[in-house]
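For reference, the chains in residue letters:
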Amino acid sequence: MIKLYTDAGLNTNLNLGVVAFVIKQNNKFYSYALEQDFNDNHYLEFLALKIALKKIIEKNWNHDIIQIHSDSQIVIDSLNKKYSKHYQPILDDILKELESFPFYFAKHVSDKENSAAHAQVHQKMLNIRKHRSK
């Protein structure tokens, strides 16, 4: 089973968005954090999941069940209902990617339980801010 943890963050003062995810597969961890040009935190949460799924498929790891963990209630609720009032286009992209897996579970977790992905977001933001201020 693949365990996927996703998170996103937005700093509106700096117009800075970051998406991050941590993949646990075969007791190995893979971490990614990317700067994104969006000013909607909910959209960034969906985008983190979309990019993570693409990465897993790209690495050909999608032959196993995937358990998705997110601290975004709207992402988890939307996945479970397969509907989102404001984010249906990106949700449709995500649902299409999930067809590549034999099965998936989506679970809402606290920030604490999502600490690895959460830390990736904050570390990336700190690094970007540090390099922009030079």
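For the structure itself, consult the block above.
Quick caveat, the model's predicted, so the values are computed rather than measured.

A few points about the pairing of strand β2 (residues 16-25)
Part 1: Where burial is concerned, most of β2 is hidden: nine out of the ten residues are buried.
Part 2: Bridge count between strand β1 (residues 2-11) and β2: nine bridges; the pairing is antiparallel. Considered in β2, the bridge of Leu4 is made with Ile23.
Part 3: Sheet topology places β2 next to strand β3 (residues 28-36); nine bridges connect them, and they run antiparallel. Note that in β3 the partner of Ile23 across the bridge is Tyr30.
Part 4: What sits between β2 and β3 in their antiparallel hairpin is a turn of two residues, with Asn26 showing a positive phi close to 50°.

Some remarks on a nonpolar patch on the surface
Part 1: Together, Met1, Phe103 and Phe105 make up an exposed nonpolar region whose accessible area comes to about 310 Å².
Part 2: By the secondary structure assignment, Met1 is in the segment before β1.
Part 3: Taking the relative accessible area as the measure of exposure, Met1 reaches 47% and is therefore partly exposed.

Topic: helix α4 (residues 115-132)
Part 1: Here α4 is 18 residues long and its end C-alpha atoms lie 26 Å apart, about the 26 Å a rise of 1.5 Å per residue gives.
Part 2: Every buried residue of α4 is listed here: Ala117, Val121, Met125 and Ile128. Projected down its long axis, α4 carries its buried residues within an arc of 80°, all on one side.

Here's the deal with the nonpolar core
Part 1: By size, the foremost hydrophobic cluster in this structure holds 29 residues, and its most contacted members are Leu4, Ile66, Leu79 and Leu98.
Part 2: Those elements that place two or more of their residues in this core are β1, β2, α1 (41-58), β4 (66-70), α2 (73-81), α3 (88-98) and β5 (104-108).
Part 3: Setting aside residues up to four positions removed in sequence, Ile66 forms contacts with Ile2, Leu4, Leu53, Ile56, Leu98, Phe101, Phe103, Tyr104 and Phe105.
Part 4: Grouped together as the second largest cluster of nonpolar side chains are seven residues, Val18, Ala20, Val121 and Met125 included.

Observations concerning the pattern of salt bridges
Part 1: Under the defined criterion, the tally for this structure stands at four salt bridges.
Part 2: The closest approach of N and O atoms between Lys54 and Glu97, which form a salt bridge, is 2.9 Å. Taken together, the residues Lys54 in helix α1 and Glu97 in helix α3 connect sequence positions 43 residues apart.
Part 3: Residue Lys96 is joined to Glu99 by a salt bridge in which the shortest nitrogen-to-oxygen separation is 3.5 Å. The two residues Lys96 and Glu99 agree in class, both being exposed.

With respect to the sheet that holds β3
The strands that make up a sheet pair up through hydrogen bonds in the backbone, lying either parallel or antiparallel.
Part 1: Read across the sheet, five strands follow the order β3-β2-β1-β4-β5 without closing on themselves; strand pairing throughout is mixed. In the strand order of this sheet, the two ends are held by β3 and β5, each with one partner. Within the sheet, the average angular offset between the axes of one strand and its neighbour, ignoring direction, is 15°.
Part 2: Here α1 sits on the sheet in contact with β1, β2, β3 and β4, set at roughly 145° to β1.
Part 3: Lying on the sheet, α4 is in contact with β1, β2 and β3; it crosses β2 at an angle near 140°.

The rules behind the values
Residues numbered from 1 in each chain as written. Predicted model: local features only at pLDDT ≥ 70, side-chain atom pairs only at ≥ 80, totals over all residues. Heavy atoms only, no water. Buried < 20%, exposed > 50% of the residue type's maximum accessible area, 1.4 Å probe, protein only. Helix = DSSP H or I, 4+ residues; strand = E, 2+ residues; numbered from the N terminus. Pairing = 2+ DSSP bridges. Patch = residues over 30% accessible without salt bridge, like charges linked within 9 Å, V, L, I, M, F, W, Y side chains within 5 Å. Areas by Shrake-Rupley, 256 points an atom, 1.4 Å probe, with all protein chains shown as cover. Salt bridge = Lys/Arg side-chain N within 4 Å of Asp/Glu carboxyl O. Expected span 1.5 Å × (residues − 1). Arc of directions from axis to C-beta. Core = buried A, V, L, I, M, F, W, Y, C linked by side-chain atoms within 4.5 Å. Contact = heavy atoms within 4.5 Å. Axes fitted to C-alpha atoms, helices over the stretch in contact; angles between N-to-C directions.

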